[in-house]
Amino acid sequence: MSESEVNDKLKHSPDDGHRALFDHYYNYVYAITLRILRGNVSMSDIEECVIDTFADIMLNYDPDKSGSLKAYIGTVAKRNSINMLRKSNRKSNNTISIDSDDFGELVSGTDVEQTAENNNVSEALINAIKALGEPDSIIIIQKYFYDRKSSEIAKIVGLSSTAVRARISRAMKKLKKFLADFC
């Protein structure tokens, strides 16, 4: 069955179209999912991911839109598989017994010293922002952490846009001086 025939069935008889879609593309979705998840999750999780992929496709695919059905299916399968892999990695403890033969030197790409220094600088910056007091601390956080415009911030703090910009300028000078003293 060709892609256009599956699309026609999806348009005219969704139930038959979904069955044809599943029958025609099951092996394709399974291969993508297995390639990404093999060795990281159980076979039942792989099968669950395949079924979730078809559920996503059947709920969201619009046969009236142009584009390749196979490419759409492949993208959904890949994304669902990667999401399951991420969830699995978050859940796993990744622990190895010291007595295990697999235990070797564990190397991390993390520079502990640099991370600690960055945390110290971040903490000092947050403390300096808090020390500015309100509304300056709110303005700085809204501007640089939430990327809001002066007009949006003005509505939040109850000032004019011009006043917000002036306060940002003055607060940044204070922060610059503080950080120069800190470093």
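Refer to the preceding data block for the structure.
Please read these numbers as outputs of a predicted model, since none were measured by experiment.

**As for the environment of Ser-4**
Summarising the element assignment, Ser-4 is placed in helix H1 (residues 3–12). When its relative accessible area of 44% is taken as the criterion, Ser-4 is described as partly exposed. Between the C-alpha atoms of Ser-4 and Leu-69, which are 65 residues apart in sequence, the distance is 8.7 Å. At 3.1 Å, the side chain of Ser-4 forms a polar contact with the side chain of Ser-2.

**Some thoughts on helix H4 (residues 69–91)**
Between its first and last C-alpha, H4 extends 33 Å over 23 residues, near the 33 Å set by a 1.5 Å rise per residue. On its buried side, H4 packs onto H1, helix H2 (14–37) and helix H3 (43–60). Where H4 begins, one side-chain oxygen reaches toward the backbone nitrogen of Lys-70, 3.4 Å away; that side chain belongs to Ser-68.

**Quick notes on unusual backbone geometry**
The residue after Glu-134, namely Pro-135, is reached through a cis peptide bond having omega 0°. On the secondary structure map, Pro-135 appears in the loop between helix H5 (112–131) and helix H6 (136–144). The backbone of Asp-147 shows a phi angle near 55°, a positive value even though the residue is not glycine. With respect to the helices and strands, Asp-147 occurs in the loop between H6 and helix H7 (150–157).

**Considering the environment of Val-50**
Summarising the element assignment, Val-50 is placed in helix H3. Once residues within four sequence positions are removed from consideration, Val-50 is found in contact with Tyr-26, Val-29, Tyr-30 and Thr-33.

**As for the pattern of salt bridges**
Evaluation of the coordinates by the stated rule reveals two salt bridges. Across the salt bridge formed by Asp-23 and Arg-19, the nearest N and O atoms sit 3.3 Å from each other. Here Asp-23 and its partner Arg-19 are both found in helix H2, four residues apart, which amounts to about one turn of the helix.

**Examining the packing of H3 against H4**
Contact pair H3 / H4: the axes reach a minimum separation of 9 Å and the direction vectors enclose 135°. For the element pair H3 / H4, the angle class is oblique. Viewed along their axes, H3 and H4 form a crossing whose handedness is right-handed. In this structure, H3 contributes Asp-45, Glu-48, Cys-49, Asp-52, Thr-53, Asp-56, Ile-57 and Asn-60 to the contact, and H4 contributes Tyr-72, Ile-73, Val-76, Ala-77, Asn-80, Ser-81 and Met-84.

**Section: the nonpolar core**
Within soluble globular proteins, side chains that are nonpolar tend to cluster in buried spots. Ranked by internal contacts, the top residues of the largest apolar core, which has 22 residues, are Leu-21, Tyr-25, Leu-37, Leu-69 and Ile-73. Ranked by the residues each element gives to this core, the list is headed by H2, at eight residues. Leaving out residues up to four positions away in the same chain, Leu-69 has contacts with Glu-3, Val-6, Asn-7, Leu-21, Tyr-25 and Tyr-61. Within the second largest apolar cluster, six residues are counted, among which are Ala-128, Ile-129, Ala-171 and Leu-175.

Rules used in this analysis
Residues numbered from 1 in each chain as written. Predicted model: local features only at pLDDT ≥ 70, side-chain atom pairs only at ≥ 80, totals over all residues. Heavy atoms only, no water. Helix = DSSP H or I, 4+ residues; strand = E, 2+ residues; numbered from the N terminus. Buried < 20%, exposed > 50% of the residue type's maximum accessible area, 1.4 Å probe, protein only. Polar contact = N/O pair within 3.5 Å; in protein donor to acceptor, adjacent residues only side chain to side chain. Expected span 1.5 Å × (residues − 1). Contact = heavy atoms within 4.5 Å. Salt bridge = Lys/Arg side-chain N within 4 Å of Asp/Glu carboxyl O. Axes fitted to C-alpha atoms, helices over the stretch in contact; angles between N-to-C directions. Parallel < 35°, antiparallel > 145°, perpendicular 65-115°, else oblique. Left-handed = near helix turned anticlockwise from the far one by under 90°. Core = buried A, V, L, I, M, F, W, Y, C linked by side-chain atoms within 4.5 Å.

Purely geometric numbers; function is a separate question.
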